[in-house]
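# Structural characterization, general
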Amino acid sequence: MSSKKPSNHVILYVRAGWDGTGYGACPFCQRFYMVLDLKAKGGALTYDIISVNTARPPPEFRKFANRLPVLKHEDEVIMDTEEIQQYLDANFPKPDLRYTNRDAHTACLDVFSKFSFFIKNVSHTSDHLLKELSYLDSFMDRTGNKFMCGDELTNLDCNVLPKLQHIRVASKAFKDFEIPRSMTYLWGYLASAYKNDTFKKTCPSDQEIVHHWSEKKETTPLPESKQKLYMVEATPRFSMDVPAYVNGHH
């Protein structure tokens, strides 16, 4: 009896958007959507993305998990983000997205938590967020790379770029805060992402990002003047413009 060849098809369950069916704006879900897309481009696997309405999860999903993202490969169901990462690296090693650059890892370690404190009013000013963004800008300046660890995307970029997009879109919507134009190298990094097929394909709309943060009770309410701008029913918009000087920079 011949043993069955393991399947290279995986399923990623992600958080649904405002309508309960479309693709939502969870940065941790986008992280693995990017990883799967890069692995698929390298021929290592095929994948499906299934959106889950967390208010009314389908019966077959309930038995897997109560938190997203969730990876399913044959009989394996993995819920912990670091375990998902390790599983994909071990079972689908090509292309190799692992990285060993500790400085790159450290440079973006705290930026998302400082953003969360800012948008949830734990911090009353943007000072801590600015400091972390400045740290990232200086790091990109020192390395001269397109991405965090070189000129190709790694697991680190798949982790940090979705978070930076949330920082960009949600900070502007809720707090009127914009990433300073003086952070040339950080904008250069975002520009590289905006030209990348995998990032563009997996990036949620501005409206979905704003909806994602509106759902959290600690978030500053969206100013009335902006509610129409971020109406979820409107045509999806994607903030992917960069200051004019940046395109000449890279």
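Residues numbered from 1 in each chain as written. Predicted model: local features only at pLDDT ≥ 70, side-chain atom pairs only at ≥ 80, totals over all residues. Heavy atoms only, no water.

Rule in force here: UniProt positions are given in the numbering used here, feature names are shortened, and annotations may be inferred rather than shown by experiment.
Named according to an unreviewed UniProt entry, the protein is CLIC N-terminal domain-containing protein originating from Lymnaea stagnalis. The UniProt entry for the protein carries the following comment under Sequence similarities (unreviewed entry): "Belongs to the chloride channel CLIC family." You can read under Subcellular location (unreviewed entry) in the UniProt record for the protein the words "Membrane".

## Regarding the overall build of the protein
Note the cut-off: The secondary structure listing takes helices from DSSP runs of H or I that are at least 4 residues long and strands from runs of E that are at least 2 residues long, numbered from the N terminus. This radius of gyration counts C-alpha atoms alone. The globule rule is 2.2 Å times how many residues there are, raised to the power 0.38. Between buried and exposed lies partly exposed: a residue is buried under 20% and exposed over 50% of the maximum accessible area for its type, with that area taken using a 1.4 Å probe on protein chains only.
Along the backbone of the protein there are 12 helices and four strands. In terms of overall size, the protein behaves like a compact globule, its C-alpha atoms giving a radius of gyration of 19 Å where 250 residues would be expected to give roughly 18 Å. When its C-alpha atoms are laid out on the principal axes, the protein stretches across 65 × 40 × 30 Å. Buried residues in the protein amount to 50% of all 250 residues.

## Details of the state of the cysteines
Definition in use: Two cysteine sulfur atoms make up a disulfide if the distance between them is within 2.5 Å.
Considering all chains together, one arrives at zero disulfides under this definition. C26 takes part in no disulfide bond, and the closest cysteine sulfur to it belongs to C29, at a distance of 3.3 Å. For C26, a relative accessible area of 5% puts it in the buried group. With no disulfide of its own, C149 lies closest to C108 among cysteine sulfurs, the gap being 8.1 Å.

## A few points about the pairing of strand β1 (residues 9–15)
Stated precisely, the cut-off is as follows: Here, strands pair whenever DSSP counts at least two bridges between them. When the strands point away from the viewer and the connection leading from the first strand across the helix to the second strand turns clockwise, the crossover is called right-handed.
The buried count for β1 comes to five of seven residues, which makes it a mostly enclosed element. Relative to strand β2 (residues 46–52), β1 runs parallel, the two sharing seven bridges. Paired with L12 across the bridge in β2 is I49. With helix α1 (residues 27–41) bridging β1 and the parallel β2, this β-α-β connection has right-handed handedness. Of the strand pairs in this sheet, β1 and strand β3 (residues 70–73) are connected by three bridges, and their pairing is antiparallel. The residue bridging Y13 from the neighbouring strand is V70, located in β3.

## Considering the packing of aromatic side chains
The condition that has to hold: Each pair of aromatic rings taken from Phe, Tyr and Trp, with Trp reduced to its six-membered ring, is defined by centres within 6.5 Å and is described as stacked if the planes are under 30 degrees apart, edge-to-face if over 60, and tilted in the remaining cases. Put simply, a charge is over a ring when the Lys NZ or the Arg CZ is close to the ring centre, within 6 Å, and near the line of the ring normal, within 35 degrees.
For the coordinates displayed, the defined rule picks out nine aromatic pairs. An angle of 75 degrees between the planes, with centres 5.6 Å apart, marks the rings of F118 and F177 as edge-to-face. Separated by 59 residues along the polypeptide, F118 in helix α5 (residues 111–119) and F177 in the loop between α7 (155–175) and α8 (184–194) bring together distant segments of the chain. In this pair, the class of F118 matches that of F177, namely buried. Aromatic side chains Y194 and F199 sit 6.0 Å apart centroid to centroid with 45 degrees between the ring planes, which places their arrangement in the tilted category. Judged by relative accessible area, Y194 falls into the buried class, the value being 7%. Judged by its relative accessible area of 1%, F199 falls in the buried class. Of the aromatic side chains, those joined through ring pairs into one cluster are F28, F112, F115 and W213. A cation over a ring is seen here: K175 above F118, with NZ or CZ 4.9 Å from the ring centre.

## Side note on helix α6 (residues 127–143)
At 3.6 residues per turn, the α-helix brings residues three or four places apart onto the same side. The condition that has to hold: What a helix should span is 1.5 Å times the count of its residues minus one. Taken from the helix axis, the directions to the C-beta atoms give the arc we talk about. Any two residues whose heavy atoms approach within 4.5 Å at even a single point are treated as in contact.
The terminal C-alpha atoms of α6, which comprises 17 residues, lie 25 Å apart, in line with the 24 Å expected from a rise of 1.5 Å per residue. Among the residues of α6, L129, E132, L133, L136, D137, F139 and M140 are the ones counted as buried. Taken around the axis of α6, the buried residues stretch over an arc of 160 degrees, which confines them to a single face. Residues K131 and R142 are exposed on α6 and point more than 90 degrees away from its buried face. In this structure, the buried side of α6 is in contact with α4 (102–107), α5, α7 and α8.

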